[in-house]
Amino acid sequence: MCGIAGWIDWSRDLTDENQTLKNMTDAIEHRGPDAQGSWLRGHAALGHRRLIVIDPDGGTQPMLYQKEEKTIALTYNGELYNYLELRNELIEKSHRFTTNSDTEVLLHAYLEWGEDCVKHFNGIFAFGIWDERKERLMLGRDHLGVKPLFYTVKDDLVLFGSEIKALLAHPDVQAEIDTEGLSEVFGLGPMKTPGKAIFKNIHEVRAGHYMTFTKNNRKNVQYWKLESKEHTDDVETTVKTIRGLLEDTVKRQLIADRPLVSMLSGGLDSSGLTAIAGKEFKEENKVLPTYSIDFVNNEESFKEDFLRRDLDEPWVKRVSEHVGTDHTSIVFDAKKLVDNLLTPMRARDLPGVGEIETSLYLLFKEMKKDATVALSGESADEVFSGYPWFHQQEFLDADVFPWLLNIGGIAGILKKELKDKLNIEDYQKERYQEALAELPKLEGESDVEAKQRRMSYMFITRFLPFMLDRKDRASMMTGFEVRVPFCDYRLVEYLWNIPFEMKNIDDIEKGILRRAFAGYLPDDVRNRRKSAYPSTKDDAYLTGVQKWMILILDNPASPIVELIDVEAVRKIAEGKSSLSDSSAKGLLDYLIQVNGWLEEYEIKITM
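Given the structure is predicted, the values throughout are model-derived calculations rather than measurements.

Rules of the game
- Residues numbered from 1 in each chain as written.
- Predicted model: local features only at pLDDT ≥ 70, side-chain atom pairs only at ≥ 80, totals over all residues.
- Heavy atoms only, no water.
- Helix = DSSP H or I, 4+ residues; strand = E, 2+ residues; numbered from the N terminus.
- Rg over C-alpha atoms; globule rule 2.2 N^0.38 Å.
- Contact = heavy atoms within 4.5 Å.
- Areas by Shrake-Rupley, 256 points an atom, 1.4 Å probe, with all protein chains shown as cover.
- Pairing = 2+ DSSP bridges.
- Axes fitted to C-alpha atoms, helices over the stretch in contact; angles between N-to-C directions.
- Parallel < 35°, antiparallel > 145°, perpendicular 65-115°, else oblique.
- Nonpolar A, V, L, I, M, F, W, Y, C, P; charged D, E, K, R; others polar.
- Core = buried A, V, L, I, M, F, W, Y, C linked by side-chain atoms within 4.5 Å.
- Buried < 20%, exposed > 50% of the residue type's maximum accessible area, 1.4 Å probe, protein only.
- Expected span 1.5 Å × (residues − 1).
- Bend = angle between axes of the 7 residues up to and from the residue.
- Polar contact = N/O pair within 3.5 Å; in protein donor to acceptor, adjacent residues only side chain to side chain.
- Left-handed = near helix turned anticlockwise from the far one by under 90°.
- Arc of directions from axis to C-beta.

A. Inspection of the overall build of the chain at higher detail. What the chain contains, in helices and strands, is 25 helices and 19 strands. For the chain, the C-alpha radius of gyration of 24 Å lies close to 25 Å, the compact-globule estimate for 607 residues. Counting only C-alpha atoms and orienting by the principal axes, one finds that the chain spans roughly 70 × 60 × 50 Å. Restricting to contacts in the chain with at least 6 residues of sequence separation, those with at least 24 account for 73%. Carbon and sulfur atoms form 45% of the exposed surface of the chain, whose accessible area is close to 23,800 Å².

B. Molecular detail of the environment of Asp 554. When you line up the elements, Asp 554 lands in helix 23 (residues 539-554). With 44 residues separating them along the chain, Asp 554 and Leu 598 place their C-alpha atoms 17 Å apart.

C. Representation of the sheet that holds strand 9 (residues 157-161). Here six strands make up an open sheet; going across it, the order is 2-3-1-9-8-11 and the pairing antiparallel. Of all strands in the sheet, those with a lone pairing partner are strand 2 (35-41) and strand 11 (203-204), marking the two edges. In the sheet, strand 1 (residues 2-9) pairs with strand 3 (residues 44-50) via seven bridges, with the strands oriented antiparallel. Its bridge partner lying in strand 3, Ala 5 is registered against Gly 47. Along the sheet face, helix 1 (residues 18-26) touches strand 1, strand 2, strand 3 and strand 9 and points at about 35 degrees away from the line of strand 3.

D. Geometry of the pairing of strand 8 (residues 150-154). Strand direction decides the pairing type here: strand 8 and strand 11, joined by two bridges, are antiparallel. Paired with Tyr 151 across the bridge in strand 11 is His 203. Taken together, the five bridges between strand 8 and strand 9 define a ladder with antiparallel strand orientation. Its bridge partner being in strand 9, Thr 152 is matched across the sheet by Leu 159. Following strand 8, the chain reverses through two residues before pairing antiparallel with strand 9; Asp 155 in that reversal takes a positive phi of roughly 55 degrees.

E. Structural detail: the packing of helix 5 (residues 179-188) against helix 17 (residues 424-438). It is at 10 Å that the axes of helix 5 and helix 17 come closest, and there the two elements cross at 90 degrees. Here helix 5 is positioned roughly perpendicular relative to helix 17, judged by the angle of their axes. On helix 17, the residues that touch Glu 180, Ser 183, Glu 184, Phe 186, Gly 187 and Leu 188 of helix 5 are Ile 424, Tyr 427, Gln 428 and Arg 431. Each residue belonging to the contact of helix 5 with helix 17 can be placed in one class, and the counts come to four nonpolar, three polar and three charged.

F. The environment of Ile 293, seen in detail. Of note, Ile 293 is situated in strand 15 (residues 289-295). In sequence terms Ile 293 and Ser 535 are 242 residues apart; their C-alpha atoms lie 9.7 Å from each other. Excluding its chain neighbours within four sequence positions, the residues that come into contact with Ile 293 are Glu 313, Ile 330, Phe 332, Ser 359, Leu 363, Tyr 533 and Pro 534.

G. Region of the structure containing the nonpolar core. Residues Phe 121, Phe 127, Leu 144 and Ile 242 are the most contacted members of the largest nonpolar core, which totals 104 residues. The leading source of residues in this core is helix 18 (residues 447-476), at 11 residues. Every residue in contact with Leu 144, bar those within four places of it in the chain, is listed here: Ala 207, Trp 224, Ile 460, Leu 464, Leu 468, Cys 487, Tyr 489 and Val 492. Core analysis: the second largest hydrophobic core is formed by 80 residues, Leu 40, Phe 186, Leu 553 and Val 566 among them.

H. Just helix 18, in detail. The terminal C-alpha atoms of helix 18, which comprises 30 residues, lie 42 Å apart, in line with the 44 Å expected from a rise of 1.5 Å per residue. Where helix 18 bends most, at Leu 464, the angle is about 40 degrees, and the proline Pro 465 comes one to four residues later. In terms of burial, helix 18 is largely enclosed, as 25 of its 30 residues are buried.

I. Expanded view of the side chain of Thr 71. Checked against the element boundaries, Thr 71 lands in strand 5 (residues 70-80). Look at Thr 71 and you get buried, because its relative accessible area is 1%. A polar contact is formed between the side chain of Thr 71 and the side chain of Arg 41, at a distance of 2.9 Å. Within the structure, the side chain of Thr 71 is placed 2.5 Å from the side chain of Gln 66, a separation counted as a polar contact. Not counting residues within four places of it along the chain, the set of residues in contact with Thr 71 comprises Trp 39, Arg 41, Leu 64, Tyr 65, Gln 66, Trp 130, Asp 131 and Glu 132.

J. Structural view of the packing of helix 24 (residues 566-573) against helix 25 (residues 581-600). Two elements in contact, helix 24 and helix 25, have axes separated by 10 Å at closest approach and are oriented at 125 degrees. In terms of orientation, helix 24 and helix 25 fall into the oblique class. Where helix 24 crosses over helix 25, the handedness of that crossing is left-handed. Residues Val 569, Ile 572 and Ala 573 of helix 24 form the contact with helix 25, whose participating residues are Ala 584, Leu 587, Leu 588 and Leu 591. Taken together, the residues of the contact of helix 24 with helix 25 sort by class into seven nonpolar, no polar and no charged.

K. Seen up close, the sheet that holds strand 15. Ordered in space as 16-15-14-17-18, the five strands form an open sheet in which the pairing is parallel. Of all the strands in the sheet, just strand 16 (326-332) and strand 18 (481-483) have a single pairing partner and so form its edges. Each strand axis lies, on average, 30 degrees off the axis of its neighbour in the sheet, ignoring direction. As paired strands, strand 14 (residues 260-263) and strand 17 (residues 373-375) are joined by three bridges and run parallel to one another. Paired with Val 261 across the strands is Ala 374, a residue of strand 17. Its contacts with the sheet put helix 12 (residues 355-367) on strand 14, strand 15, strand 16, strand 17 and strand 18, and the angle it makes with strand 16 is roughly 135 degrees.

L. Quick peek at helix 17. For helix 17, which comprises 15 residues, the first-to-last C-alpha distance of 22 Å matches the rise-based estimate of 21 Å (1.5 Å per residue) to within 8%. Along helix 17, the positions that sit buried rather than exposed are Ile 424, Tyr 427, Gln 428, Arg 431, Tyr 432 and Ala 435. Buried residues along helix 17 cover an arc of 135 degrees about the axis, so they all sit on one side.

Shown next as structure tokens:
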């Protein structure tokens, strides 16, 4: 995994702009702590920060290819899991390779198929290719958007980078947000609309898309999307297909020239992947290392809630012993979570979900001491329709994103004049209708089935991107790569058309996945009900963020006080509101991050 950055300007020679390019790549050094590279010639300047995972000697970037005295230059972040097959196919087409890297395979795939190269890839990727022959830039992003890619356009200039901070390091880009950005932050946050980057004039290459830029033309192409059709496989065939896809995907994603481990929560998703990976390791006479997270006082403080049914650690131990992994449990206290609250915001360049993101970052930081790559069960709930909302009428009938019915955004604590100006409720519904217009419908479905398909689309295209952003930034902030087998686009395509009733066979969420893991996991683990990513229940954490928020409110220079109803927030921070401790903690987490974001990034607000 890596960090990429680039600068194209058709009206200037960028050959001597090395310092500005270096500033852009230095901003994302954490994504690639092992090496740096740059290439500047004519109208192009490409930069790269490398995290070495495959072919330590041969994957140096930017990677160049000379053709007819012109250069095709590539800067790339990601992994192609089918690169060995592609390499053989390209060799048969007379391509010659000098390295064993997937980077060179991607470059030659572009030489062979041009823009259509993305249709041949199975992996997680974000890349920029400058083709001197055509004076054209191509930006490409993987099917589900596992790897990030942002860009901005100004006159004859295009800038791109793995993270927003790489663009902000360029002198022509300012940290600014307008009413749309504020609506995203306070109406949808910490999720966001695909394609938007919150900052004014900065955009995101959407998942499953590629873009091309020339001096006089810009093209945005969706090369992959979900297609609705009748699912004709019976249950037995469906289970067999899912199992086969997962086994193939995990095997592909175990390829690495650096130590690889697996995340293990004791839940169905991570346990199943760990079991498949553990079997592969055993066949090579190796032991799979696994990691979980826990909190000081968690056993004493734990209370069952809407998302978390029971403690993870007993199940972690059960799975680790069954698979035969070398397990490590990382334990954090409330103080460490509070002290590091703003780090994930700095990683994402945007406010996030507070202590859940903080603990994830801290977990990766510890895992990095022993490894470079990890497998994660992220996204199974989204692609297998595992959330309870899929069978609850209130959520199926909603005319807004279902998760907003639970959290409602934080618009309620804005100053009245700002609330009136933004009209958050209308903004939420507009973005929902926008998503609905994309939905590939299937004729002949019942009303309930159509609503469940609609729900599935919202989670895959609107909720999952946030989860993937969270995992990418939290891991790459520590120079650590996380792979997500449930995001293999072949699996997602197949699952998309499986009816919800079949997905939930045996009257349990993700029942079809539970059947697919038969033989890999003990029955009690396979039948454990869903319990969300763990969250600290220690009262010391809530106390810590309450005190922090009061300090912010007491400081008239705090940028957020111009936006919020200070007295309403003060009541929450003092524990005098009607909010539950969990809701208060989530709200304060977010507001503290918004304040830190506005302050540290010196964001200008234009209304």
